[in-house]
Structures are given as structure tokens and as C-alpha cells.
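One-letter residues, chain by chain:
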Amino acid sequence: MNTESIAFLELKYGNIYGGYPNFYAISDITLLVFEKGTNKIFIESWSNNANIDIVSVYSKVNELGHTIGRGKEVINLRTGRHKPYEETFRLEEEDLKFAFQNLRPTKMPIKNFLLKNLKKYRFRDIIVFDGRRDVFLCERAGVNFGRYNIIDLQKELNKETDYLFSLNKLAVVINFDLDRSYLRSHNLEYWLHPIAARQIMPKTAAYDAARLMMIYNEYTEHHEDFMRKAALVINKIQNSKA
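Our subject in this report is the structure included herewith. (Residues numbered from 1 in each chain as written. Predicted model: local features only at pLDDT ≥ 70, side-chain atom pairs only at ≥ 80, totals over all residues. Heavy atoms only, no water.)

Quick look at the environment of W191
Working step 1: For W191, the location among the structural elements is in strand β11 (residues 189–191).
Working step 2: Owing to a relative accessible area of 48%, W191 belongs among the partly exposed residues under this scheme.
Working step 3: The spacing of W191 and D177 is 14 residues in sequence and 12 Å in space, taken between C-alpha atoms. (Helix = DSSP H or I, 4+ residues; strand = E, 2+ residues; numbered from the N terminus. Buried < 20%, exposed > 50% of the residue type's maximum accessible area, 1.4 Å probe, protein only.)

Observations regarding the nonpolar core
Soluble globular proteins: nonpolar side chains tend toward being buried together.
Working step 1: By size, the foremost hydrophobic cluster in this structure holds 43 residues, and its most contacted members are F8, L32, I41, L153, M213 and F226.
Working step 2: Elements represented by at least two residues in this core include exactly β1 (5–16), β2 (24–35), β3 (40–47), α4 (153–161), α5 (167–174), α6 (194–199), α7 (205–221) and α8 (223–241).
Working step 3: Top contributing element to this core by residue count: α7, with 10 residues.
Working step 4: Setting aside residues up to four positions removed in sequence, F226 forms contacts with L157, L170, V173, I174, I215, E218 and Y219. (Core = buried A, V, L, I, M, F, W, Y, C linked by side-chain atoms within 4.5 Å. Contact = heavy atoms within 4.5 Å.)

Digging into the pairing of strand β4 (residues 53–61)
Working step 1: Sheet topology note: the β1/β4 ladder contains 2 bridges and is antiparallel. Bridge assignment links N15 to a residue of β4, and that residue is V55.
Working step 2: Here β4 pairs with strand β5 (residues 67–76) via 9 bridges, running antiparallel. Across the sheet, residue Y58 finds its bridge partner in β5, namely G71.
Working step 3: Linkage of β4 to β5, two consecutive antiparallel strands, is achieved through a turn of 5 residues, within which G65 is found at a positive phi near 80°. (Pairing = 2+ DSSP bridges.)

Digging into the layout of surface pockets
Working step 1: In this structure, the second largest pocket occupies an estimated 280 Å³ of space.
Working step 2: What lines the second largest pocket is a set of 14 residues, among which F23, L103, T106, K107 and R140 lie closest to the centre.
Working step 3: Those elements that provide at least two residues to the lining of the second largest pocket are β2, α1 (93–103), α2 (107–120) and α3 (132–140).
Working step 4: Split into classes, the residues belonging to the lining of the second largest pocket amount to 9 nonpolar, 2 polar and 3 charged. (1 Å grid on protein atoms, 1.4 Å probe; cavity = no way out; pocket = protein on both sides within 12 Å on 5 of 7 lines; lining within 4 Å. Points joined across faces, edges and corners; volume = space filled by probe spheres on them. Nonpolar A, V, L, I, M, F, W, Y, C, P; charged D, E, K, R; others polar.)

Any functional reading would require information beyond the geometric quantities listed.
Below is the structure:
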């Protein structure tokens, strides 16, 4: 039996509210490992509980997964409380220094989480989606991916279709579905262990990792069907624009 494993890496991150627009703080990380042959799914997650407010940017999509707008909200990583985003809000210099001080101790836990799980599971390929910044943020925490083959599925699809898909559109393409015990798509169905299932909540890195795994497996295992359905969704989006 082929028990080769493949990993899927997803991060959630945002700017410190009122801070620099090009500095990102990681809010949560998921490494999902899929064991081919047995169809076992292992999910390892880490959440940041630093007492800082970050800006979460989210897409507003229609029934085809097409982005029709973007929203921003402010989330405190420790309490999970949300508050409205104000475009003009800026932290005072002392408050920004305090936010960086609160964030600094998270660097080692991020590194330890990733290194522990890279050693725990045996795989060579890590699948990401539009993952350049994800990989950079992990490397900034001290993780070296030199011995792994990182595959960006968005780039691979863009080469093949000349279309820049989003994860939301591709979830529509494969008819992604999640219930308490199963991940499902057009051609695939996988049972989830309750510990794994509890982690897959909308708007989390684990949810995106689960979608990415299902998309990748549909793309690699049912390629012709995947490409046909992707073309149909593109046509529907273009027709709706017209």
C-alpha cells in the first residue's frame, strides 16, 4: 500500500492595527498532512494569543466564489474580540513599541511548532496556495524549508489555465463540503477524526488547509473532470460580468 504523505501549509496573518502596513503578525498556522493510500488526515494547528489587535482582511464573494468586495475587521488575538476598522487610526509610538514587545515572544513558539511537526511526519512535498508570504513569515521565525519541495498550487494552475484562481473559486469548482465527520467534493470523500474535525472552522488556517487539500487531490486524481468544471465556473463568471 502506498502510504506516502503530502503536507499542506496555511497561515492567517494581519497587520498590527494602527501599525506599519508592510509588517504582518501571524494569527494562526495549520500543517495538514494527508497520507495517501490510507486517506488518513492529520491536522496540527497553532494559534497566537499575544495581546495585540490585528487587521483581518476578508473577501466578500458571490455564489461562484468570485470576489465582489473586501472587508476589514479588527481582532484581538488574545480575547478574540472584534471591533470596527477605522482607516485613519494610528498607534502612538509607545503603543506600537508595546505591541511589538507583546509579539516578540511568539517567534520561538512558531519555530518550535513548525520544526516539531516537520520532524513528526514524513513527507517531501509541501503544498501552498499563493504562499510566498506564508513561507517568508515561517522563514522569518527561523524555519528552513531547504529539504522540502514547495509547490504553489495557484501558480501551477495559472500556468495551465492562464487564469488566477482564488481558493474561494476553486472550492466552488470542486463543490467543497464539510460536515462534522467528512470532507467531500465532486469525486472524493474523506472521514475526519473528531480531533481533526474540531479544528476545521470557517475563517481559520485549518479550514483553508482542508479546502486546499481537497482541491489539490481533485486536481491531481481527477484532472480532466477538474479542468472541465473549472472552465465552466470561469465561463459563468464571465457571463455574469457581461
